[in-house]
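Structure at a glance
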Amino acid sequence: MTYIRVQLGALGLALLTGLAAPPAHAAEDPAAAPTVEERRLDNAAPQEILARSGFATVAPEFVRALGKARSYAQAERVVERQGARLWQRAVDRAQGRGPAGGDLSRDDDRPLYWARLGMTREVRQWEPQFGLTEAQRTRLLGSLERTSRGQDTIRYPHSKGVKRILVTGFDPFTLDRDIRISNPSGATALALDGTVIETADGPARIETAVFPVRWQDFADGTVERALRPHLPRVDLFTTVSQGRVGRFDVERTNGAWRGGFGDNENLSRTETIPVSDPASQPQWTSTTLPYKDIVAASTGRFPVYDNTSVTEIPAGGTTPVVRPEGPTPGSTARAGGGGDYLSNEIAYRATLLRDRLGLTASLPGGHVHTPVLQFGTGNTDPASGTVTDPQFIQNRLDIIAQVRSILKVAADVTD
């Protein structure tokens with residue numbers, strides 16, 4: 001996600017049709033109106049991405065399946081199956097299984113994002129004959145989010161001697177700047193889910209999930225719900241997001257502060273990161289990834305840095321100060337190494353959960369920022385209508401490959 005600094009007051013160094021059939025019934029209730037994210041579906045770029053990947057059929061197929069439900073219980077089953085099917089379809093496409101469905105590069109994460117929004121829009125506006133309360137609709141939407149993001153299909157083999165690695169990515173974001181945007185962390189999650197890498201101690205299985213770029217979902221505990229069952233059982237984890245241009249960063253320190261930049265719903269939050277038991281909430285958490293080994297290794301085209309800088313209000317002070325070497329004792333967080341947006345927040349939440357589970361000393365985990373995924377020379381104008389190009393594809397493939405190499409280095413040195 002983007003490095004967002006309070007003192008800059010703007011997006012810092014970059015982080016980082018809905019060809020759906022019309023709803024069966026459009027609800028009169030204003031609460032059923034499409035969200036900001038869903039309304040973007042009607043733009044030309046999302047429609048082209050869906051059409052050129054074969055994912056334009058996802059929402060219409062979902063509508064037909066949902067229309068056969070004769071009770072809320074049946075609707076729940078439809079949503080769970082269709083959400084899981086969308087995630088698996090996106091993973092299969094990214095990993096070269098099954099038909100490509102069009103000429104869009106298989107490594108592209110955007111079809112999953114836009115197809116999911118087509119499905120959530122249908123649930124939001126669906127008015128079945130058996131009636132649906134808003135609480136039930138909310139539960140259906142929650143189920144669709146979890147299943148279509150791989151959050152409830154994280155499963156490892158029981159075989160002894162197989163290491164377990166957990167990786168998370170993000171949706172595309174800053175879409176009002178450029179609706180064509182892809183997120184390399186989400187593409188990495190699709191490319192690596194269920195894959196195996198060979199380490200110095202044998203095979204390691206990677207499982208992945210993707211998270212939304214929405215403040216409220218994080219406040220509602222989506223990260224903790226998804227990760228809590230697995231952290232005690234994995235050997236290594238890393239949250240991943242898009243960061244600076246031309247470099248990877250292993251973020252040394254994460255801060256307990258939301259800096260207010262608008263999310264995918266164009267909502268802003270400026271506050272201490274809301275977590276359970278705030279009385280015991282630390283201002284900072286730290287990586288336990290083997291950052292020295294990662295930085296020293298030759299992992300790919302982009303340089304990798306151990307990023308130690310944070311922004312803090314020193315103890316007894318009132319003004320934010322940048323600390324290149326990390327926080328000072330008693331300071332208040334204003335930005336972690338990964339900024340003050342949702343990339344910092346997922347890193348903070350995941351490492352705080354690690355610590356609260358008593359795994360600090362035994363579980364390597366932290367956050368990796370990828371380079372910004374850039375379009376090719378001559379394709380930088382969002383109004384160009386060109387949703388992909390050869391350099392854009394190569395940049396994404398190189399980032400995915402380097403994340404995989406970084407994971408291998410980390411797993412190699414993990415006992």
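Predicted model only: the values in this text are computed from it and were never measured.

**Notes on the environment of threonine 147**
Within the secondary structure layout, threonine 147 lies in helix H6 (residues 134–148). Its relative accessible area of 4% is what places threonine 147 among the buried residues. For threonine 147 and arginine 252, which are 105 residues apart along the polypeptide, the C-alpha to C-alpha distance reads 31 Å. Threonine 147 has contacts with Val79, Glu80, Gly83, Ala84, Trp87 and Asp152, leaving out every residue within four places of it along the chain. In terms of polar contacts, threonine 147 uses its side chain to reach the backbone carbonyl oxygen of serine 143, at 2.9 Å.

**Comments concerning unusual backbone geometry**
Even without being glycine, threonine 174 reaches a positive phi, approximately 50 degrees. For threonine 174, the position within the fold is in the loop between strand E3 (163–170) and helix H7 (184–192). A positive phi is found at aspartate 277, a non-glycine position, where the angle reads about 50 degrees. In this fold, aspartate 277 is placed in the loop between strand E10 (270–272) and strand E11 (284–286).

**Regarding the packing of aromatic side chains**
A ring pair, where both rings are aromatic, is described by two values, the distance of the centres and the angle of the planes. This structure, assessed with the given rule, holds 9 aromatic pairs. Relative to tyrosine 341, the ring of phenylalanine 173 lies with its centre 6.1 Å away and its plane at 50 degrees, an arrangement referred to as tilted. Linking phenylalanine 173 in the loop between E3 and H7 with tyrosine 341 in the loop between strand E15 (332–335) and helix H11 (342–356), this pair joins segments that are 168 residues apart in sequence. For phenylalanine 173, a relative accessible area of 0% puts it in the buried group. Of the aromatic side chains, those joined through ring pairs into one cluster are Phe173, Trp215, Phe261 and Tyr341. Between the NZ or CZ atom of arginine 247 and the centre of the ring of tyrosine 305, over which it lies, the distance is 4.0 Å.

Conventions and cut-offs
Residues numbered from 1 in each chain as written. Predicted model: local features only at pLDDT ≥ 70, side-chain atom pairs only at ≥ 80, totals over all residues. Heavy atoms only, no water. Helix = DSSP H or I, 4+ residues; strand = E, 2+ residues; numbered from the N terminus. Buried < 20%, exposed > 50% of the residue type's maximum accessible area, 1.4 Å probe, protein only. Contact = heavy atoms within 4.5 Å. Polar contact = N/O pair within 3.5 Å; in protein donor to acceptor, adjacent residues only side chain to side chain. Phe/Tyr/Trp six-rings, centres within 6.5 Å; stacked < 30°, edge-to-face > 60°. Lys NZ or Arg CZ within 6 Å of the ring centre and 35° of its normal.

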